[in-house]
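Tertiary structure, described
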Amino acid sequence: MKIFFVGSPQLADGYKITGVYPIAVSSEDEFLRALEGLALSDEVGIVLIDSDYIPAVREKIEKLKTRSRLPIFVEVPGRKSGTAVDLKAMLSRIMGVKV
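As a starting point, this report considers the structure included with it.

Basis of the calculations
Residues numbered from 1 in each chain as written. Predicted model: local features only at pLDDT ≥ 70, side-chain atom pairs only at ≥ 80, totals over all residues. Heavy atoms only, no water. Helix = DSSP H or I, 4+ residues; strand = E, 2+ residues; numbered from the N terminus. Buried < 20%, exposed > 50% of the residue type's maximum accessible area, 1.4 Å probe, protein only. Contact = heavy atoms within 4.5 Å. Areas by Shrake-Rupley, 256 points an atom, 1.4 Å probe, with all protein chains shown as cover. Pairing = 2+ DSSP bridges. Right-handed = clockwise from strand over helix to strand, strands pointing away. Core = buried A, V, L, I, M, F, W, Y, C linked by side-chain atoms within 4.5 Å. Phe/Tyr/Trp six-rings, centres within 6.5 Å; stacked < 30°, edge-to-face > 60°. Lys NZ or Arg CZ within 6 Å of the ring centre and 35° of its normal.

1. As for the overall build of the protein chain
Summing up its helical and strand segments, the protein chain has four helices and four strands in all. What you see in the protein chain, going N to C, is helices and strands ordered as β-α-β-α-β-α-β-α. Split into buried and exposed, the 99 residues of the protein chain put 33% on the buried side. Within the protein chain, counting contacts between residues at least 6 apart in sequence, those at least 24 apart form 63% of the total. Surface summary for the protein chain: the accessible area is close to 6500 Å², and the carbon and sulfur share equals 55%.

Pasting the structure below:
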């Protein structure tokens, strides 16, 4: 299973360094098409999604999440969403348990 990142080109470069497969997008349409394509792949285990694109397509992302168990979609902070991230809350949400 592979881990992918879908989001801004600047962040995609950073994820590539860590071994994550990046998909750089520059519009909400590209973002949604990339997510839909990854949702259909059997090779994808986790998709990290740039939170800057979430507000415009949240409903469609929720539908993708309910289609099957994999891939798991995880929202990660984007460049515009700021650096104030509650990592404890994020881990709790990802793992499904209170940390």
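2. As for the pairing of strand β2 (residues 21-24)
In the sheet, strand β1 (residues 2-7) pairs with β2 via four bridges, with the strands oriented parallel. For Phe-4, the partnering residue across the bridge sits in β2 and is Tyr-21. Each parallel crossover has a hand, and for β1 linked through helix α1 (residues 9-17) to β2 it is right-handed.

3. Structural notes on the nonpolar core
Val-6, Phe-31, Leu-35, Val-47, Ile-49, Ile-61 and Phe-73 are the most contacted members of the largest nonpolar core, which has 18 residues in total. Among the elements of the structure, β1, α2 (28-39), β3 (44-50) and α3 (54-67) are those that each provide at least two residues to this core. When residues in this core are grouped by element, the largest group, six residues, is from α2. Residues in contact with Leu-35, not counting those within four places in the same chain, are Val-6, Val-47, Ile-49, Ile-61, Leu-64 and Phe-73. Judged by nonpolar contacts, the second largest core, of six residues, contains Phe-5, Ala-12, Val-20 and Leu-48.

4. What about the packing of aromatic side chains?
This structure, assessed with the given rule, holds three aromatic pairs. An angle of 15° between the planes, with centres 4.2 Å apart, marks the rings of Phe-5 and Tyr-15 as stacked. Placement of Phe-5 in strand β1 and of Tyr-15 in helix α1 is noted, with a sequence separation of 10 residues between them. By relative accessible area, which is 0% here, Phe-5 ends up buried. Summarising the aromatic geometry, the rings of Phe-31 and Tyr-53 are spaced 4.9 Å apart at their centres and angled 15° between planes, so their arrangement reads as stacked. Taken together, the residues span a long stretch of sequence, with Phe-31 in helix α2 and Tyr-53 in the loop between β3 and α3 at a distance of 22 residues. When its relative accessible area of 0% is taken as the criterion, Phe-31 is described as buried. Above the plane of the ring of Tyr-21 lies Lys-2, whose end atom (NZ or CZ) is 5.0 Å from the centre.

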